[in-house]
Amino acid sequence: MGNLISNIVSLAKRRGFIFPSSEIYGGFGSCYDFGPLGVEMKNNIKKAWWDEMTRQTFSSKNLGGQIEEQRNIVGLDAAILMSPKVWQASGHLTAGFADELVECKKCHKRFRQDEIVGGRPPNIFGRGRTSAPVACPECKGELSRPRKFNLMMKTFVGPVEDEASQTYLRAETCQGIYLNFKNVLQTMRLKIPFGIAQIGKAFRNEITPGNFIFRTREFEQMEMQWFCHPTSADDWFEFWLKERLNWYYNLGIKKENLRAVEVPEKERAHYAKRQVDIEYKFPLGWKEIEGVHNRGEWDLYNHAKYSGEDLKYSSAGSGQAYYPYIIETSVGVDRSLFAFLCQAYTEVRGGRTETTKAVKEVEILLKLDKRIAPVKVAVLPLVKNKPDIVNKAKEVYQLLKPHFVCQYDELGSIGRRYRRGDEIGVVFSVTCDFQTLKDNTVTVRNRDTMKQERVVISDIVGNIGHTFL
Ligand code: GAP
């Protein structure tokens, strides 16, 4: 990992965003725990996505007037454990859902072939390059021919561990959506086109996890499945791709750091008629953070075939019965969080904090969008040895805490405390000082502009609150 990434990883650990899982036992297989700030940030990302999916209306400008005005997307929270038949029907138990690996005949380490021969990173559904292997990157030994390793995580349900009780942890959340297609359609009285959104954990027995939280064995996905008429699927694909790119831009990802890559047919996921990967320019290089897929009728057709249930949609108007096409948008919560962290991480040489004298010092500023920033407000007494000021600051903290994620900090100089806040992206710092005791006002410092405004304490909740609307 590069220097920049190491600094980001170290900040994430030092400030309570992300810890290695089972750390006291030496860590465990590329699993990570999200600390107090990590979980806030994750929740903020999930909320931003959920609101975007379930609470937006269409603007006719985006639609070119072709498609209905309703933007119906409803939520679902399906079980992680499902019948093993689901994974037969979906194609995940066959070679399609596998990593192609080569093994060093000398040191027996395994590598994803595409990673050692270069080229764009593979999707884990087995697409990737099949160029001739080179020597082992570790010991220069001879490499074997590529072999497929299935990524499904096996588990057992019930007291007996036999074939009959074996199932899998879900490898993508969307399968639960397909199984509930009819339930949701009927109970919510929906008409095509409509969508179902879901956020939840997914598991893959990645053979070569790594790059911090980029590729892990347990991760979270935010997936939306858009059910539409086959003839409008191409338009919807374009629509959703644009929407998804805009979502990242709105949350602070710079245009030059995001790109949409059309995936050629032989590298696509086994279900995809069309696939565009949204890639972010990590300090590690361009890497996928989201996939937009046209899954055609693959999923509903196969689940109907394997289950014997009729999963066609009957159009009341035309009397037509057909399998809707599915346009999927699928993003990893952890991976997008990593991208947001990388985008926000800034090292300011020479110091930016007002009171910094040591101009050589490097200050870290996490320029997270205010909706994603884990801590919105820090409350700081100017000095900690004046009980009146400290008590006032505690009062202000109590006032703000029910409304925003807040931190109270009285340790060290005020400059040092501002810096501590900047490092985790605290949006506003509220300071109680000597003037507070005279006129009940506090200073509100804006992280990005560093401007300070005096605000009456009784207005503080509204004053800060309106910037989050
Ligand atoms: N339902 C489609 C699907 O799962 P995918 O491209 O395999 O498509 C979608 O995964 C997203 O899930 C990826 O773009 C990535 O953000 C996230 N993801 C997939 N595998 C991951 C892993 N091992 N670790 C972290 N995130 C992962």
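Residues numbered from 1 in each chain as written. Predicted model: local features only at pLDDT ≥ 70, side-chain atom pairs only at ≥ 80, totals over all residues. Heavy atoms only, no water.

Caption draft 1: The arrangement of the overall build of the protein in detail. Secondary structure assignment for the protein yields 14 helices and 23 strands. Along the first, second and third principal axes, the C-alpha atoms of the protein reach 75 × 65 × 50 Å. Considering only contacts in the protein between residues 6 or more positions apart, those separated by 24 or more positions represent 66%. Carbon together with sulfur atoms contributes 50% to the accessible area of the protein, which is approximately 21800 Å² in total. Distance from the positive charge centre (68 side chains) to the negative charge centre (57 side chains) of the protein: 4 Å. (Helix = DSSP H or I, 4+ residues; strand = E, 2+ residues; numbered from the N terminus. Contact = heavy atoms within 4.5 Å. Areas by Shrake-Rupley, 256 points an atom, 1.4 Å probe, with all protein chains shown as cover. Lys, Arg positive; Asp, Glu negative; His and termini not counted. Charge placed at Lys NZ, Arg CZ, Asp CG, Glu CD.)

Caption draft 2: Inspection of the nonpolar core at higher detail. The biggest cluster of nonpolar side chains holds 85 residues, and the ones touching the most others in it are Phe340 and Leu400. Residues within four places of Phe340 in sequence aside, it is in contact with Met41, Ile45, Trp247, Tyr248, Leu251, Ile253, Leu368 and Ile372. Counting residues in hydrophobic clusters, the runner-up holds 21 residues, among them Cys174, Leu185, Phe227 and Leu300. (Core = buried A, V, L, I, M, F, W, Y, C linked by side-chain atoms within 4.5 Å. Buried < 20%, exposed > 50% of the residue type's maximum accessible area, 1.4 Å probe, protein only.)

Caption draft 3: How the structure looks around the site of the ligand. In the vicinity of the ligand there are 23 residues, among which Glu172, Glu206, Glu223, Glu288 and Ile289 approach most closely. At 2.6 Å from a nitrogen atom of the ligand is found a side-chain nitrogen or oxygen belonging to Glu172. In this structure, Ile289 approaches the ligand through a main-chain N or O atom, which is 2.8 Å from an oxygen atom. Contributing elements (two or more residues each) for the shell around the ligand: strand S10 (218-228), strand S13 (285-296) and strand S16 (325-332). The element that contributes the greatest number of residues to the shell around the ligand is S13, accounting for six residues. Looking at the shell around the ligand residue by residue, the class counts come to six nonpolar, seven polar and ten charged. (Near = heavy atom within 4 Å. Polar contact = N/O pair within 3.5 Å; in protein donor to acceptor, adjacent residues only side chain to side chain. Nonpolar A, V, L, I, M, F, W, Y, C, P; charged D, E, K, R; others polar.)

Caption draft 4: A look at the pattern of salt bridges. Within the structure shown, the criterion is met by 27 salt bridges. When the shortest N-O distance is used, the salt bridge between Asp334 and Lys42 registers 3.8 Å. Taken together, the residues Asp334 in helix H10 (residues 333-344) and Lys42 in helix H2 (residues 36-55) connect sequence positions 292 residues apart. With respect to burial, Asp334 and Lys42 carry one shared label: buried. The residue Glu347 makes a salt bridge to Arg349 at a minimum N-O spacing of 3.7 Å. One network of salt bridges, in which partners are shared, links Lys42, Lys46, Glu220 and Asp334. (Salt bridge = Lys/Arg side-chain N within 4 Å of Asp/Glu carboxyl O.)

Caption draft 5: A look at the packing of H2 against helix H8 (residues 233-250). The interhelical angle for the contact between H2 and H8, taken along N-to-C directions, is 145°, at an axis separation of 12 Å. Pair H2 / H8 crosses with right-handed handedness. Together, Ile45, Ala48, Trp49, Glu52 and Met53 of H2 and Trp240, Glu243, Arg244 and Trp247 of H8 make up the contact between the two elements. Considered class by class, the residues forming the contact of H2 with H8 number six nonpolar, no polar and three charged. (Axes fitted to C-alpha atoms, helices over the stretch in contact; angles between N-to-C directions. Left-handed = near helix turned anticlockwise from the far one by under 90°.)

Caption draft 6: The side chain of Ser90, seen in detail. Considering the arrangement of structural elements, one finds Ser90 in helix H4 (residues 84-90). Accessibility expressed as a relative area gives 2% for Ser90, which makes it buried. A polar contact of 3.3 Å, which involves the side chain of Ser90, links it to the backbone oxygen of Trp87. If near-sequence neighbours (up to four positions away) are discounted, Ser90 is found in contact with Gln175, His270, Trp298 and His303.

Caption draft 7: Representation of the sheet that holds strand S4 (residues 98-103) within the structure. If you walk across this open sheet you meet the three strands as S5-S4-S6, and the pairing is antiparallel. Strand pairing shows two members of the sheet lacking a second neighbour, strand S5 (110-112) and strand S6 (147-150), which therefore form its edges. Here the average twist between neighbouring strands, direction ignored, is 50°. The pairing of S4 with S5 spans three bridges and is classified as antiparallel. In the strand pairing of S5, Leu101 is matched with Arg112. (Pairing = 2+ DSSP bridges.)

Caption draft 8: Inspection of the packing of H2 against H10 at higher detail. Orientation of H2 relative to H10, taken along the N-to-C sense of each, is 105°, at an axis distance of 10 Å. Here H2 is positioned roughly perpendicular relative to H10, judged by the angle of their axes. Contacts between H2 and H10 involve Gly38, Met41, Lys42, Ile45 and Lys46 from the former and Val333, Asp334, Ser336, Leu337, Phe340 and Leu341 from the latter. Of the residues belonging to the contact of H2 with H10, the class tally is six nonpolar, two polar and three charged. (Parallel < 35°, antiparallel > 145°, perpendicular 65-115°, else oblique.)

Caption draft 9: Looking closely at the packing of aromatic side chains. For the structure on display, the rule yields 21 aromatic pairs. Looking at Arg295, its charged tip hangs above the ring of Tyr271, at a distance of 3.5 Å from the centre. (Phe/Tyr/Trp six-rings, centres within 6.5 Å; stacked < 30°, edge-to-face > 60°. Lys NZ or Arg CZ within 6 Å of the ring centre and 35° of its normal.)

Caption draft 10: Seen up close, the confidence of the model for the protein. The pLDDT averaged across the protein works out to 90; a share of 90% of its residues lies at or above 70. pLDDT under 50 marks residues 119-131. Its contacts with residues more than four places away, or in other chains, come to 58 contacts. (pLDDT = per-residue confidence, 0-100.)

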